[in-house]
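Observations on the three-dimensional arrangement
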Amino acid sequence: MRRVNVLMAFLIAGYILGIWNFLILPKYYMTFGLKGFLISLIPVLIAMFLIYSEAESTRRTRYLIYELFFKVARTPAIMFTLLMFLLILLGVTSYFSSWGLIYLFSGDTTFVPLLAVLTIIIAVLLLLLAKGRVLEFISGISVIFIVFTIISTILIRNRSLSVLTSEQAKYYMHQAVSGITSFSQPLTFHGVIMLLTSVIVAFGLGAGVYYVIGSFAPEGLNFKRVLIGVFILQVILSFAAAYSMAYSLGPAFQAFEKSVHSPRISPEESFKLYTQFSALRNYATNSTTPLPQSVRVFYFIPEILKGNVPGASAIIFLLVLSLYFAGLTTIIVLLEMGNQMLSEVMQLSREKSLAVVAIIGMILAGLMAISSARTMFLVVPFSVGPLVALAEAYPLFSSGLTTRRGAVAVVMGALLAVGLGALYYAFGSGSDPVVMGAVIGLVLFFPLVVNGMLLKSRR
């Protein structure tokens, strides 16, 4: 059982420790400092409570997720909402985790959708080939990307400190590094709402994954210990990504500064270097930077390191693979859980349901080649993620599956408040793709309107 506990810890860690720990969460650790970290503990506790309660509900009753929602909670419609949300997460995660690969192959960003499709195909093949060894496989990849992330952070720090000669570059880097552990960083209400939303999305709530995990978890599994281990790893990796960003700020400015005084560098190249530095500094100081711009910033690090830091190739290799493996473990879990949910609802074989989930994920990843579609799908989890997590938690409250009904009610109230705040800022953004993303997110709740019809048809 000790071995199973460790493997399940890495399974859940592989799902939770995804691309958002690299792309989004470091932003708030840098802009809000330790205040941001302490605030992030609120949604972390909410997530831990819901993960434990949802997994225990199916482990204790031995119901599958759809049986639980239909027979006990009387809310089968929630299953369809969670499944649609899972498919969007699959497409978005596949796209953004594959983006980093272009820096290994020196390709163009136009190939990112193709790499995303190939990533889903690889994940499907691994699931089919691994069969009963999926748990060990995901655990192995999780260990690799955790090690790669920590090593790449240490290398970026050491190499950046060794090459910096510009006092201004040192100043910018010191500001960013010290800001992570500072209590004096100012807070903004908009930024805090997005921080709370980002943590909820990062923990993978709203996709029904934990109900499914609980349905096959062994009786002796200690979920509390598993979640404590996951929390520790989540904190380590998020801070590691934040420090990677902070230590990249110095080389970014120094590269721009040198380009200004070098006749061999064109004005266009110099402007590109300034744009990268400006985006990175804005990421580290502005908590309300639009989401699409924030996500793009992490991918500047390989460009900044290349040619400006000795041994950059090895660092880029470790950093990019860390991000890719973080996405791959999440993708594998999403595929398997989506497969199990779809096979329950549609009574399909494992191979057919896995194919349907994979094809829809590939279509969504391919559509993200269009800039406006990419923004729309990216915005969906960050505009309605807390509300979908609220819908996911509702069966716990309505069915009496937990003795902590009061705690569930408080958690649902908190998710409602955060979700309404995220929706408010999405609709008030003034960006048509962002607004459309929020609208698409709200469409996911349509099955709830016909819940009664689903109950009647099932009878």
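Residues numbered from 1 in each chain as written. Predicted model: local features only at pLDDT ≥ 70, side-chain atom pairs only at ≥ 80, totals over all residues. Heavy atoms only, no water.

**Notes on the side chain of Ser57**
Tracing the backbone through its elements, the reader meets Ser57 in helix 3 (residues 25-61). Ser57 sits in the buried class, given a relative accessible area of 1%. Other than its neighbours up to four places away in sequence, Ser57 contacts Leu68, Tyr211, Leu396 and Leu401. (Helix = DSSP H or I, 4+ residues; strand = E, 2+ residues; numbered from the N terminus. Buried < 20%, exposed > 50% of the residue type's maximum accessible area, 1.4 Å probe, protein only. Contact = heavy atoms within 4.5 Å.)

**Topic: the packing of aromatic side chains**
Using the criterion set out here, one finds 23 aromatic pairs in the structure. With 5.8 Å between their ring centres and 70 degrees between their planes, Tyr15 and Tyr210 make a pair best called edge-to-face. Linking Tyr15 in helix 1 (residues 2-16) with Tyr210 in helix 11 (residues 209-216), this pair joins segments that are 195 residues apart in sequence. Tyr15 sits in the buried class, given a relative accessible area of 4%. (Phe/Tyr/Trp six-rings, centres within 6.5 Å; stacked < 30°, edge-to-face > 60°.)

**A closer look at the packing of helix 19 (residues 405-427) against helix 20 (residues 432-443)**
Contact pair helix 19 / helix 20: the axes reach a minimum separation of 8 Å and the direction vectors enclose 140 degrees. Overall, the two elements helix 19 and helix 20 adopt an arrangement that is oblique. Across the interface between the two elements, Leu423, Ala426 and Phe427 of helix 19 pack against Val434, Val435, Ala438, Val439 and Leu442 of helix 20. Residue classes in the contact of helix 19 with helix 20 are distributed as eight nonpolar, no polar and no charged. (Axes fitted to C-alpha atoms, helices over the stretch in contact; angles between N-to-C directions. Parallel < 35°, antiparallel > 145°, perpendicular 65-115°, else oblique. Nonpolar A, V, L, I, M, F, W, Y, C, P; charged D, E, K, R; others polar.)

**Some words on the pattern of salt bridges**
Applying the stated rule across the entire model yields six salt bridges. A salt bridge links Lys170 to Glu167; its shortest N-O distance comes to 3.6 Å. Taken together, the residues Lys170 and Glu167, both in helix 9 (residues 167-180) and three residues apart, mark about one turn of the helix. The exposed category is assigned to Glu167, whose relative accessible area is 56%. Of the charged contacts in the structure, one is a salt bridge between Arg350 and Glu336, with a shortest N-O distance of 2.8 Å. Highlighted residues: Arg350 in helix 17 (residues 350-367) and Glu336 in helix 16 (residues 312-346), separated in sequence by 14 residues. For Arg350, a relative accessible area of 30% gives the class partly exposed. (Salt bridge = Lys/Arg side-chain N within 4 Å of Asp/Glu carboxyl O.)

**Thoughts on the confidence of the model for the protein chain**
Model confidence for the protein chain is summarised by a mean pLDDT of 88, while 96% of its residues fall at 70 or above. Taken element by element, the protein chain is modelled with least confidence in helix 22 (residues 451-458), mean pLDDT 73, and with most confidence in helix 20, mean pLDDT 95. (pLDDT = per-residue confidence, 0-100.)

**Description of the environment of Val449**
Mapped onto the secondary structure, Val449 falls in helix 21 (residues 446-449). Given the relative accessible area of 66%, Val449 is considered exposed.

**Side note on unusual backbone geometry**
With the exception of glycine, the majority of residues adopt a negative phi angle, and the majority of peptide bonds are in the trans configuration. One non-glycine residue, Arg74, lies in the positive phi region at around 60 degrees. Checked against the element boundaries, Arg74 lands in the loop between helix 4 (65-72) and helix 5 (77-99). Non-glycine residue Gln347 carries a positive phi angle of around 55 degrees.

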